[in-house]
Amino acid sequence: MSTAVDQAVEAGPSTFRPTSMELQHRVEKFFSAEAELLDDHRYTDWVQLFTEDVHYWLPTRMTRTIRERDQEVAAAGENALIDDDLTALRGRVRRVTSGIQWSEEPPSRTRRLITNVRIDERGDGELDVRSNFCIYRSRLERHQDWFVGERFDLLRPAEGAYPYRIASRKVVFEQTTILAPSISIFF
Amino acid sequence: MVDIGTLVDSKQGLINPLIYTDPALYQLELDRVFGRSWLFLAHESQLPNRGSFVQTYMGEDPVLVVRQRDASVKAFLNQCRHRGMRICRADAGTNKTFTCSYHGWAYDLEGNLINVPLEERAYHNQIDKSQWGATKVPRVQSYKGFYFGTWSDEVPEFEEYLGEMKYYFDAAVDRWDNGLEFVKGATKWVIDCNWKFAAEQFTSDMYHAPISHASAMVALFEDPAMRSLFDPSPHDQGRQFAGHGHGTGSMGIPEFGPDILAGPEYSAWQIANRDQVYNRLGTDRAHKIMIHNNIFPNFSWLGTASTMRVWHPRGPGQIEVWAWTYVPKDAPESARKGVREVTQRTFSPAGVFETDDGENWTEIQQVMRGWKARSTLFNAQMGLGFEQRDYPGMPGMSNDLYSEMGARGFYQRWQDLMKNLSWKEIAELDAQRRAAEQEVQPA
Ligand code: FES
Ligand SMILES: [Fe+2]
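Residues numbered from 1 in each chain as written. Chains lettered and ligands numbered in written order. Predicted model: local features only at pLDDT ≥ 70, side-chain atom pairs only at ≥ 80, totals over all residues. Heavy atoms only, no water.

- Under an unreviewed UniProt entry, chain B has the name 3-phenylpropionate/trans-cinnamate dioxygenase alpha subunit and belongs to Geodermatophilus ruber.
- The heading Sequence similarities (unreviewed entry) in the UniProt record of chain B holds the text "Belongs to the bacterial ring-hydroxylating dioxygenase alpha subunit family." (UniProt positions renumbered as here; feature names shortened; annotations may be inferred.)

- By the naming in an unreviewed UniProt entry, chain A is Biphenyl 2,3-dioxygenase beta subunit, taken from Geodermatophilus ruber.
- Looking at chain A in UniProt, the text filed under Sequence similarities (unreviewed entry) is "Belongs to the bacterial ring-hydroxylating dioxygenase beta subunit family."

Here it is, written out as structure tokens:
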């Protein structure tokens, strides 16, 4: 009989992806460009990076035992911090640029580090991309937050100034209890 | 220690900011307020099976709320009686027993100690396990699917504790034949502010909404003409209720059913099932939205968005918000999707309303670091003298929607408890207050 410990050392699929240097480079530059738009507060430009059918989603998570870890991150239809379509996301952008959103007026200072970009190509040219983020926010006199987690994106090739549109984004924080008074910035 | 009798003047509407900052007062609150009130523990939908449990808090005390084999719900302190280790460290799950991971004492679903490792060798079979069970929450009350618990043996039964607030609480929890359920999962976050700012606001404060949340409607509606949705309607300007420390603010609606925010599918489902609501609540109540609500001390919900939450105190200057989305149990996924999404969109740490509340409370708390700032009285006088008992459609004491009668009532109850008056003495005082109120009532 195999125990939980035995199962943990059984081999799973390799996490090494033989991505071409060019593709890797393009996707990483795209994420840097996106992060720059947000760190520079260019929200109206940023929201144009999303497709009409985008699902922009930040599920909550909870502490569960290993036996019940499949229930750690909330599933579709369960609890979420944000569960938006493009209309709702545009609404958030309208709000943050309104000058009367007091949680971002005066605005937070942010710096986004997007790393560990891992790409899986779909047959049709769309890309499943996982990346890690570490976002520092400083607010008003001395308030500061770190937002750390992983993003699961679906990127669709596009024409124009940016090579992709984001067709789906799931953001998972490494916190169950969010140690910040508000999530008034974007991920 | 300062004189608690001078910290709050509910008759004059004055608040001494020390009540939000003083560490000694905070320790006293845990004992006298949180230790003696009914506190929300869980909703039945969080405990679907025998052995289902959630970990929550009563004040700062961690408790396990567990569905028993006979389907009842019990709660006990999540603290091992051996050396105080947290017995269970998962937020939720299903268990047959709870085994402490320090030395292995094991407890059953009720919290009884059932196994001690090396009982024969280490304890020489002399430990009386029946004496060393986890500390049980002595009173757990089920109310329409909601479980409340208290450590107090003298606080009145839950319904009596609610008083007239029952009418307003039922408007949320007793409107559908088959009741409510929570969407799976909780949203938890930390705000650096005293718990009373949050609880008081949900009791009493409609006044902040047009200013603090000015940007929320901008997010929700592209068309500026739609942004006046929550402006007082011409046929019902809105009233605020307060009693027994609880409070709500209500707003009239012309008919029950359509819900612009939750969308067409939810609206259609509500309209198709609205006989339930009219039958259970009556037309008067069905034609009101209880906008903001708080059951003293720290259980709040909204009627506009479907959020319910507890403001867990974490020291004088911090809270943890635990929030759930409630939906009618019978609503199909196609309908409840709209409620769930708009609730998360409006009231969560990322909510287009809620982010602004945290901003206010953290700034207030920061400012009170100053000695001068901490000794400058706050004004809670709005609507003082305009109270009216049993206004049509508003059982109990009510006032204009924009008033602070609820806040005054909230701090009055807080002060009664902090003075360590017994619940019997509090009931007598309430009766005297009510008698006095009739003397000053205009004819
Ligand atoms: S502290 Fe729990 S068994 Fe020792
Ligand atoms: Fe608010």
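After presenting the structure, the write-up continues.
Regarding the overall build of chain A
Phase 1: The number of helices and strands found in chain A is four helices and seven strands.
Phase 2: Helices and strands in chain A line up, N terminus first, as α-α-α-β-β-α-β-β-β-β-β.
Phase 3: Dimensions of chain A, computed from the C-alpha atoms along their principal axes, are close to 65 × 40 × 30 Å.
Phase 4: Counting every position in chain A, which comprises 187 residues, the buried fraction comes to 46%.
Phase 5: For chain A, the share of sequence-separated contacts (at least 6 apart) that also reach a separation of at least 24 residues comes to 61%.
Phase 6: Taking the average place of the 26 positive charges on the side chains of chain A and the average place of its 31 negative ones, the gap between the two points comes to 4 Å. (Helix = DSSP H or I, 4+ residues; strand = E, 2+ residues; numbered from the N terminus. Buried < 20%, exposed > 50% of the residue type's maximum accessible area, 1.4 Å probe, protein only. Contact = heavy atoms within 4.5 Å. Lys, Arg positive; Asp, Glu negative; His and termini not counted. Charge placed at Lys NZ, Arg CZ, Asp CG, Glu CD.)

What about empty space enclosed by the protein?
Gaps between atoms show up when a probe of the same size as a water molecule is rolled over them.
Phase 1: Evaluated as defined, the whole model comprises five cavities of 30 Å³ or more.
Phase 2: Top contributing element to the lining of the largest cavity by residue count: helix H4 (residues 86-96) of chain A, with three residues.
Phase 3: Of the residues contributing to the lining of the largest cavity, the split by class is six nonpolar, three polar and two charged.
Phase 4: Taken as a whole, the second largest cavity encloses approximately 50 Å³ of empty space.
Phase 5: Considering the residues around the second largest cavity, the lining is formed by A:Pro59, A:Thr60, A:Arg61, A:Leu81, A:Val172, A:Phe173, A:Gln175, A:Thr176, A:Ile178, B:Ala186, B:Thr187 and B:Lys188.
Phase 6: Those elements giving two or more residues to the lining of the second largest cavity turn out to be strand S6 (164-173) of chain A together with strand S14 (187-191) of chain B.
Phase 7: Counted by class, the lining of the second largest cavity contains six nonpolar, four polar and two charged residues. (1 Å grid on protein atoms, 1.4 Å probe; cavity = no way out; pocket = protein on both sides within 12 Å on 5 of 7 lines; lining within 4 Å. Points joined across faces, edges and corners; volume = space filled by probe spheres on them. Nonpolar A, V, L, I, M, F, W, Y, C, P; charged D, E, K, R; others polar.)

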